[in-house]
Amino acid sequence: MGLVGRLKERVARVKGDLAHLARIARGGRAPTSISRARQETERRGQTVAVRRVRVEDVIRETEDAVTLVLADRAGGAIRFVPGQFFTVLVRLDGETVRRAYSASRLSEDPSRLYLTMKRIAGGRVSSHLNERIAIGDELELLGPSGSFTVTPGRAQRVLVAGGSGITPMMAIAEWSLTHESETQVTLLYGNRRERDIIFRARLDELAARHAGRLTVTHVLAEPGEGWTGERGMLDRETVARLAAALPIDAEYFLCGPEPMMVAAREALTARGVRAIKEEKFTQPHLRVEADVPAVARRVEMRKGGVASLVVAAPGQTLLEAGLAAGIPMDYSCTMGGCGACKVKLTAGRVVMEEPNCLSPGERAANEVLACIGRPASDDVRIVL
Ligand SMILES: Cc1cc2nc3c(=O)[nH]c(=O)nc-3n(C[C@H](O)[C@H](O)[C@H](O)COP(=O)(O)OP(=O)(O)OC[C@H]3O[C@@H](n4cnc5c(N)ncnc54)[C@H](O)[C@@H]3O)c2cc1C
Ligand code: FES
């Protein structure tokens, strides 16, 4: 930006700050420090900027699942912890739509990211990514996000996956087998038909390479003729039977359709398993919408002893309002799935879409997610 551009921007900011201060004066609120917060934001280089990536390869995994191999346009490494996901931003019909996809492979080349999408009948984004994306296309990403990750040093991990729920498990299995020397990994993987099994060849190859350390049990709801493996659903009874001989102190991971996850959790907790991590593929836009009247709200945001008063426009989240006012705020997925934007609510009412990733303990401690939290009263105060 040239000198004139910078000057114009500065003037616009000062005007914005003055407007804020006038509003604060009218409301008789606590002293604020918007410009200071803005400077801090700039120093940290924090913006709502997303990472632009190019599709380097498209791998057809099954009839309904595709892996996109992505590279940062700026040439940087795309780092993540196995089990984490990225938020993909797709332009569809003039609107930007966000969906989460878990990193599905540990790449030897850190400039490459593998995301695998299973097409859902009538699914807007999964159909677009399966049918219309080609090498050379560009996408935008946020992340990585999520805490569906391993605790290093566990002797045994048990992964229970259904359908597309295999994606984070693949990265976790690969990491466990290649970065730990002794860990045993057991995968129980449910699908409808044999041809729906995603990563079958990679799983076979991993099991052969790490002989005796990876055990894979496929469970098919509609097995074809000649199938000699497990049949049926990954329901409570099947999980209980298949997990009967596995140690209860192993680290357990669940990811798949909701009924499978409920059944697996019940079967495992009935056995006395305590360490169970779960990743729900619930989409933000299918959550119950928070009912918030369409009015602007004043919010006090306190960080490191500095209080800033911002105005959240109708419908704006705390995160959007804070970043727009130049307040440095932490965030990652921007869709209520990772907890990076947690803030403490000390006064007023904030409503959020449900379900989200907040635990009962965090709710009891009055923590809210700034990325999906909207102020519902005029006396909201949060501590960042
Ligand atoms: C943390 C996280 C990680 C995820 N990782 C992956 C991944 O690695 N691979 C992957 O394929 N997906 C993953 N998902 C799911 C993904 O984000 C999308 O929800 C999915 O691709 C469907 O989006 P869509 O736009 O195609 O469907 P939409 O157009 O939003 O929905 C179309 C219809 O499908 C139904 N539907 C939507 N999602 C599902 C679902 N998951 N199962 C069954 N029915 C559904 C809806 O009820 C709706 O009726 C993840 C989700 C989360 C929250
Ligand atoms: S940024 Fe991930 S939950 Fe808010």
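In what follows, the accompanying structure is described. (Residues numbered from 1 in each chain as written. Chains lettered and ligands numbered in written order. Predicted model: local features only at pLDDT ≥ 70, side-chain atom pairs only at ≥ 80, totals over all residues. Heavy atoms only, no water.)

Quick look at helix α4 (residues 166–179)
Moving on, step 1. With 14 residues, α4 extends 19 Å from end C-alpha to end C-alpha; this agrees with the ideal 20 Å at 1.5 Å per step.
Moving on, step 2. Judged by how many residues are buried, α4 sits mostly within the fold: 12 of 14 residues are covered.
Moving on, step 3. Here α4 has its buried residues at Ile166, Thr167, Pro168, Met169, Met170, Ala171, Ile172, Ala173, Glu174, Trp175, Ser176 and Leu177. (Helix = DSSP H or I, 4+ residues; strand = E, 2+ residues; numbered from the N terminus. Expected span 1.5 Å × (residues − 1). Buried < 20%, exposed > 50% of the residue type's maximum accessible area, 1.4 Å probe, protein only.)

Topic: the environment of Leu254
Moving on, step 1. On the secondary structure map, Leu254 appears in strand β11 (residues 251–255).
Moving on, step 2. For the pair formed by Leu254 and Val160, sequence separation is 94 residues and the distance between their alpha carbons is 4.9 Å.
Moving on, step 3. Setting aside residues up to four positions removed in sequence, Leu254 forms contacts with Phe148, Val160, Met169, Met261, Ala264, Arg265, Leu268, Ile276, Lys277, Glu278 and Glu279. (Contact = heavy atoms within 4.5 Å.)

Considerations on the packing of α4 against helix α5 (residues 200–209)
Moving on, step 1. The geometry of α4 relative to α5 is characterised by a closest axis approach of 11 Å and an angle of 15° between their N-to-C directions. With respect to α5, the element α4 is oriented roughly parallel. In terms of crossing hand, the pair formed by α4 and α5 is left-handed. Of α5, the residues touching α4 (which contributes Met170, Glu174 and Leu177) are Arg202, Leu203 and Leu206.
Moving on, step 2. Among the residues forming the contact of α4 with α5, the class breakdown is 4 nonpolar, no polar and 2 charged. (Axes fitted to C-alpha atoms, helices over the stretch in contact; angles between N-to-C directions. Parallel < 35°, antiparallel > 145°, perpendicular 65-115°, else oblique. Left-handed = near helix turned anticlockwise from the far one by under 90°. Nonpolar A, V, L, I, M, F, W, Y, C, P; charged D, E, K, R; others polar.)

Scope: geometric values only; no functional claims are made or implied.
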